[in-house]
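Single-letter residue listing:
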Amino acid sequence: MLIRLPRAFLFATLLLFTGCAGRGTIHLVSLNMTEVDPPEAKAWQFPSQENYWWIDANGELNVSILHGHSSVLGKFGSFDVGLSLVFDEAPAGRAKNYKVGPREARASYTSAMANMRFVPYAGIVSVVIGKDNILRGSFRLWSTALSEVNILSILPQRPGNVLLFGTFEAIRDEARGQRIRSKVETGAPPRPAKKTPTTQPK
C-alpha cells in the first residue's frame, strides 16, 4: 500500500536534512608561483553555515554564502569568510553554467585583526534549481587577492592570485542573503557596470 505524505511534512524533513540555512564549503588555495609563504602550502577549507539565493527586481540571480568562525578569544580570534555571486539572469530551465569575471563575484576574509578581499578574473559557476526550491551549485574562481593582512592572519601573507572553489546548497531568502552580501562587499572594489546589449546595424 502506497502512503502519501503531506507536502508540508516532506518540506520540513528536507529542511532538517539540509539545514534551514543550507550548507556548503569554500576552499582557498594560493597560486603564488614565487614563494611558499608560511603557513605550509595547503587548501584552506571553510564550511559555510549560511547559504541563500534569490532573484532580484532586475531578474538577476543572486547567491550569498558565509562561514563564520567564533573563538574563545572573542572578536580577536573570530573571522568570517564569505562569497557573493550575481548573474545577469536566472536559468531559463533548471540548470545553467555561468562564466565569471570581475562583475559576477566578490569574496572576503574579515576579522578584527586582518582583512582580505578577492576579485575574480576568470571562473565558472554551475547551478541547478531543484523541485524543492533549493539552489545547488559548484564554483571555481581564479581571483586576485587584495590584502590588508598582518602577521596575525591565518592566511598566507603574500598569496598572489588564489583559486576559490567549492559547492553550496542554498535556501531561497533574499533578506538574509542581502545581509551577507553587505558584509562581504563592504570595503571591496565596486562591481563594474552591467553591460547593456547593443544592436548591430542591418
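Up top is the structure.
Undergrad: What am I meant to see in the overall build of the protein chain here?
TA: Of the regular secondary structure elements, the protein chain holds two helices and ten strands. The secondary structure elements of the protein chain, listed N-terminal to C-terminal, are α-β-β-β-β-β-β-β-β-β-β-α. The long-range fraction of contacts in the protein chain, counting pairs at least 24 apart against all pairs at least 6 apart in sequence, stands at 65%. Summed over its atoms, the accessible surface of the protein chain is roughly 11,600 Å², and 60% of this surface lies on carbon and sulfur atoms.

Undergrad: Hey, could you run me through the pattern of salt bridges in this one?
TA: Between side chains of opposite charge, a pair can form when the charged atoms approach closely. A complete count under the given rule lists ten salt bridges for this structure. Notably, a salt bridge pairs Arg 136 with Asp 132, separated by 3.0 Å at the nearest N-O pair. Judged by its relative accessible area of 29%, Arg 136 is partly exposed. Note that Arg 191 is salt-bridged to Glu 185, the shortest N-O span being 2.4 Å. Look at Arg 191 and you get partly exposed, because its relative accessible area is 22%. Each member of the salt-bridge network shares a partner with another, and the members are Glu 60, Asp 88 and Arg 103.

Undergrad: Could you clarify how one ought to interpret the environment of Arg 140 in this entry?
TA: Within the secondary structure, Arg 140 is located in strand β9 (residues 135-147). Once the C-alpha coordinates of Arg 140 and Gly 123 are considered, the two residues, 17 residues apart in sequence, prove to be 5.4 Å apart. Excluding its chain neighbours within four sequence positions, the residues that come into contact with Arg 140 are Ala 122, Gly 123, Ile 124, Leu 163, Leu 164 and Phe 165.

Undergrad: Could you clarify how one ought to interpret the environment of Leu 31 in this entry?
TA: Here Leu 31 is to be found in the loop between β1 (23-30) and β2 (44-48). By relative accessible area, Leu 31 is classed as partly exposed at 25%. Taking the C-alpha atoms as reference points, Leu 31 and Leu 163, 132 residues apart in sequence, are found 6.8 Å from one another.

Undergrad: Mind showing me how you'd approach the side chain of Glu 104 here?
TA: With respect to the helices, strands and loops of the structure, Glu 104 is situated in the loop between β6 (95-99) and β7 (105-111). Buried and unpaired, Glu 104 has no salt bridge, with Arg 103 as the nearest side chain of opposite charge at 4.7 Å. At 2.8 Å, the side chain of Glu 104 and the backbone nitrogen of Gly 101 are in polar contact. Glu 104 has contacts with Ser 84, Leu 85, Val 86, Phe 87, Lys 99 and Arg 191, leaving out every residue within four places of it along the chain.

Undergrad: For this particular structure, what's the right way to read the packing of aromatic side chains?
TA: The geometry of an aromatic ring pair is captured by two quantities: the separation of the ring centres and the angle between the planes. Inspection of every chain in the model, using the stated rule, returns four aromatic pairs. On the numbers, 5.4 Å between centres and 35° between planes, the contact of Phe 79 with Tyr 109 is tilted. Remark: Tyr 109 occurs in strand β7 and Phe 79 occurs in strand β5 (residues 79-87); sequence separation between them is 30 residues. Like Phe 79, the residue Tyr 109 is buried in the burial classification. Here the aromatic rings of Phe 87 and Tyr 98 are separated by 4.2 Å at their centres, their planes lie at 20°, and the arrangement is stacked. In this pair, Phe 87 is assigned in strand β5 and Tyr 98 in strand β6, connecting sequence segments eleven residues apart. Both residues of the pair, Phe 87 and Tyr 98, count as buried. An aromatic cluster is present here, built from Phe 46, Phe 79 and Tyr 109 joined pairwise through their rings.

Conventions and cut-offs
Every chain is numbered independently, its residues counted from 1 as its sequence is written. Per-residue local features are limited, in this predicted model, to residues with pLDDT of at least 70; the limit for side-chain atom pairs, both in listing and counting, is 80 or more; totals at the level of whole chains, interfaces and linings are taken over all residues. The side-chain values count all of the structure's non-hydrogen atoms but skip hydrogen atoms and water molecules. Each helix corresponds to a stretch of at least 4 residues labelled H or I by DSSP, and each strand to a stretch of at least 2 residues labelled E; elements are numbered beginning at the N terminus. Contacts are assigned to residue pairs that have any heavy atoms within 4.5 Å of one another. Areas reported as accessible are Shrake-Rupley estimates using a 1.4 Å probe. Residue values count occlusion only from the protein chains shown. Salt-bridge detection follows one rule: a side-chain nitrogen of Lys or Arg within 4 Å of a carboxyl oxygen of Asp or Glu. The classification of residues rests on relative accessible area computed with a 1.4 Å probe and restricted to protein chains. Under 20% of the type maximum is buried, over 50% is exposed, and intermediate values are partly exposed. Only four residue types enter the charge count: Lys and Arg as positive, Asp and Glu as negative, with His and the chain ends excluded. Counted as a polar contact is a pair of N or O atoms within 3.5 Å, where, for protein atoms, one must be capable of donating a hydrogen and the other of accepting one, and residues adjacent in sequence contribute only when both atoms are in side chains. Here the aromatic set is Phe, Tyr and Trp, taking the six-membered ring for Trp, and pairing holds for ring centres within 6.5 Å; pairs whose planes are under 30 degrees apart are stacked, those over 60 apart are edge-to-face, and all others are tilted.

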